[in-house]
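One letter stands for each residue in the lines below.
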Amino acid sequence: MHAALVDVLLATWNGERHLAVLLDSLLVQTYPHFRLLVSDDGSIDGTRAVLERYRPQFGGRLLLLPPRPAGRGGLGNFEYLMQASLDDAQAPWAMFCDQDDVWLPEKIAQTLAAMQRTEQGAEPGTPCLVHTDLRVVDEALAPIAESFVRYQHMDPARCTPRDLLSMNQVTGCATMVNRNLLAMALPIPAEVVVHDWWCAVLSGSGRRTFVDAPTLQYRQHAVNQIGAHSRSLHHRMLRLLRDAPAVLRRVGQAGRNSYRQAMALDQRLRSLQRDTSLVADYLAWRNQPLWQRIRTYRAYYPGSEMDRLLRCLLWPAPATGKYTPHPDAAQAPQNPQG
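Residues numbered from 1 in each chain as written. Predicted model: local features only at pLDDT ≥ 70, side-chain atom pairs only at ≥ 80, totals over all residues. Heavy atoms only, no water.

1. Quick word on the environment of Cys312
Stage number 1. Tracing the backbone shows Cys312 in helix 13 (residues 305-314).
Stage number 2. Overall, Cys312 belongs to the buried group, its relative accessible area being 1%.
Stage number 3. Excluding residues that lie within four positions of it along the chain, Cys312 makes contacts with Leu290, Arg293, Ile294, Tyr297 and Tyr301. (Helix = DSSP H or I, 4+ residues; strand = E, 2+ residues; numbered from the N terminus. Buried < 20%, exposed > 50% of the residue type's maximum accessible area, 1.4 Å probe, protein only. Contact = heavy atoms within 4.5 Å.)

Structure (structure tokens):
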């Protein structure tokens with residue numbers, strides 16, 4: 001294997017319909033020094049047959065991992081792949097891959113170049129993450145939006161580590177991490193909802209780079225686990241009018257998820273003897289009563305003014321498991337760019 005090896009981590013589950021198109025796009029990558037590690041989560045369609053059919057075309061670079069223990073769905077599947085890459089210790093970098101997307105030919109090369117720039121001059125052990133924009137397409141690959149981040153009204157180039165504690169702006173299928181970040185991320189705590197958000201918040205202890213160019217076609221369809229939805233005021237009001245209780249439930253759940261994940265981050269950083277001052281400050285702020293939080297919410301919540309205010313008003317204060325600052329928590333200044 002070439003020294004500059006990249007592991008592509010592909011989690012599959014009943015993906016027969018679109019998998020061949022993805023694999024074709026991997027075969028024409030301009031950077032050929034990669035391995036495709038695949039973990040299938042018990043597919044009952046023809047997914048494994050497609051993988052076996054393509055195995056010879058990858059010339060030994062497609063490795064189908066043994067079945068993993070059941071549980072935790074897609075998150076557990078990616079955790080299994082991350083651990084396999086880390087344990088194997090051949091690839092300095094890993095990229096996440098979804099079974100229904102289409103990679104543009106320069107995706108690996110472009111992301112790796114940005115990663116090498118990001119790592120340049122970093123201290124040993126620095127966790128690094130690079131993520132890019134995406135094109136949003138429909139089931140038949142017809143264009144929906146040239147830019148995922150603009151479609152979602154996100155601003156990942158200006159997003160700070162504190163912003164990421166409340167709102168994920170890192171899309172897994174457009175992400176590369178180095179081995180230092182993989183080691184920090186594993187095992188993934190039970191409080192984590194998705195692997196890419198967990199990697200994103202961990203990158204606040206190191207370096208993160210956003211590449212403002214799409215590197216893949218992100219297929220939007222009815223069974224996306226998360227998906228891309230227009231965040232324009234018009235479309236958001238339509239969703240609210242259609243089913244306000246469901247929207248409010250999702251908003252509340254997002255608030256609880258962000259708090260629990262921040263607590264898990266605090267614990268992980270303390271276990272690694274890394275600076276916890278930023279996340280400790282965030283958790284202490286989240287525990288304040290509304291009348292105190294509403295005076296400073298702009299400093300803690302990213303997005304539009306409406307997004308910030310809604311989070312402040314609708315995200316519940318923690319009912320259980322409230323954060324207590326650790327007496328040994330580091331208090332070193334934080335670099336807002338990670």
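2. Topic: helix 13
Stage number 1. Of all the positions in helix 13, only Asp307, Arg311 and Cys312 are classed as buried. For helix 13, the angular spread of the buried residues around the axis is 130 degrees, confining them to a single face. (Arc of directions from axis to C-beta.)

3. Quick word on the nonpolar core
Stage number 1. Within the largest apolar cluster, 47 residues are counted, with the highest numbers of intra-cluster contacts made by Met82, Val177, Trp198, Leu265 and Tyr282.
Stage number 2. Broken down by secondary-structure element, the contributors of at least two residues to this core are strand 1 (6-12), helix 3 (73-88), strand 4 (93-98), helix 6 (161-166), helix 7 (179-185), helix 8 (195-202), helix 10 (244-271) and helix 11 (277-286).
Stage number 3. Excluding residues within four positions of it along the chain, Val177 makes contact with Pro92, Trp93, Ala94, Phe96, Met115, Cys128, Leu129, Leu182 and Cys199.
Stage number 4. Counting residues in each nonpolar core, the second largest holds 43 residues, with Ala4, Leu19, Leu36 and Met154 among its members. (Core = buried A, V, L, I, M, F, W, Y, C linked by side-chain atoms within 4.5 Å.)

4. Some details on the side chain of Arg208
Stage number 1. Structurally, Arg208 can be placed in strand 9 (residues 207-219).
Stage number 2. Buried and unpaired, Arg208 has Asp163 as its nearest opposite-charge partner, separated by 7.0 Å.
Stage number 3. A polar contact of 3.1 Å, which involves the side chain of Arg208, links it to the backbone oxygen of Pro156.
Stage number 4. Of note is the side chain of Arg208, whose polar atom sits 2.4 Å from the backbone oxygen of Cys159. (Lys, Arg positive; Asp, Glu negative; His and termini not counted. Salt bridge = Lys/Arg side-chain N within 4 Å of Asp/Glu carboxyl O. Polar contact = N/O pair within 3.5 Å; in protein donor to acceptor, adjacent residues only side chain to side chain.)

5. Details of the pairing of strand 8 (residues 175-178)
Stage number 1. Judged by which residues are buried, strand 8 turns out to be covered on both faces: Thr175 and Val177 on one side and Met176 and Asn178 on the other are all buried.
Stage number 2. Relative to strand 8, strand 4 runs antiparallel, the two sharing 3 bridges. Note that in strand 8 the partner of Met95 across the bridge is Met176. (Pairing = 2+ DSSP bridges.)

6. Points about the confidence of the model for the protein chain
Stage number 1. Averaged over every residue, the pLDDT of the protein chain is 88; residues scoring 70 or more account for 86%.
Stage number 2. This model gives residues 329-338 a pLDDT under 50, and the stretch forms 23 contacts once residues within four places in sequence are excluded. (pLDDT = per-residue confidence, 0-100.)

7. With respect to the pairing of strand 6 (residues 128-137)
Each regular strand carries side chains that alternate between the two faces of the sheet.
Stage number 1. When you tally the buried positions in strand 6, you get 9 out of 10 residues, the bulk of the element.
Stage number 2. Here strand 6 pairs with strand 9 via 9 bridges, running parallel. Bridge pairing in strand 9 links Val137 to Arg219.
Stage number 3. Sheet topology places strand 6 next to strand 8; 3 bridges connect them, and they run antiparallel. Looking at strand 8, one finds that Leu129 is bridged to Val177.

8. Concerning unusual backbone geometry
Stage number 1. At the junction of Leu186 and Pro187, the peptide bond is cis and its omega measures out at -10 degrees in the coordinates.
Stage number 2. Inspection of the secondary structure puts Pro187 in the loop between helix 7 and helix 8.
Stage number 3. One non-glycine residue, Ala89, lies in the positive phi region at around 60 degrees.
Stage number 4. Tracing the backbone shows Ala89 in the loop between helix 3 and strand 4.
Stage number 5. Phi at Leu141 takes a positive value of approximately 70 degrees, unusual for a residue other than glycine.
Stage number 6. Mapped onto the secondary structure, Leu141 falls in the loop between strand 6 and strand 7 (143-145).

9. Some remarks on the packing of helix 1 (residues 16-27) against helix 2 (residues 47-54)
Stage number 1. Running from N to C, helix 1 and helix 2 point in directions that differ by 25 degrees, and their axes come no closer than 9 Å. In terms of orientation, helix 1 and helix 2 fall into the roughly parallel class. In this structure, helix 1 crosses over helix 2, and the sense of that crossing is right-handed. Residues Glu16, Leu19, Ala20, Leu23, Asp24 and Leu27 of helix 1 form the contact with helix 2, whose participating residues are Thr47, Val50, Leu51, Arg53 and Tyr54.
Stage number 2. Its residues assigned to classes, the contact of helix 1 with helix 2 comprises 7 nonpolar, 1 polar and 3 charged. (Axes fitted to C-alpha atoms, helices over the stretch in contact; angles between N-to-C directions. Parallel < 35°, antiparallel > 145°, perpendicular 65-115°, else oblique. Left-handed = near helix turned anticlockwise from the far one by under 90°. Nonpolar A, V, L, I, M, F, W, Y, C, P; charged D, E, K, R; others polar.)

10. Structural notes on the packing of aromatic side chains
Stage number 1. For the structure shown, the criterion picks out 6 aromatic pairs.
Stage number 2. Here the aromatic rings of Phe34 and Phe58 are separated by 6.5 Å at their centres, their planes lie at 80 degrees, and the arrangement is edge-to-face. On the criterion of sequence distance, the pair formed by Phe34 in strand 2 (residues 34-40) and Phe58 in the loop between helix 2 and strand 3 (62-64) is long-range, its members being 24 residues apart.
Stage number 3. Among the residues examined, Phe58 registers a relative accessible area of 1% and is labelled buried.
Stage number 4. Where Phe148 meets Tyr218, the ring centres are 5.6 Å apart and the plane angle is 70 degrees; that geometry is what we call edge-to-face. Linking Phe148 in helix 5 (residues 148-151) with Tyr218 in strand 9, this pair joins segments that are 70 residues apart in sequence. Summarising the burial analysis for this pair, Phe148 and Tyr218 share the class buried.
Stage number 5. Chaining the aromatic ring pairs together yields one cluster made of Trp285, Tyr300, Tyr301 and Trp315.
Stage number 6. Note that Arg61 overlies the ring of Phe34, its terminal NZ or CZ placed 4.6 Å from the centroid.
Stage number 7. Note that Arg162 overlies the ring of Tyr300, its terminal NZ or CZ placed 4.6 Å from the centroid. (Phe/Tyr/Trp six-rings, centres within 6.5 Å; stacked < 30°, edge-to-face > 60°. Lys NZ or Arg CZ within 6 Å of the ring centre and 35° of its normal.)

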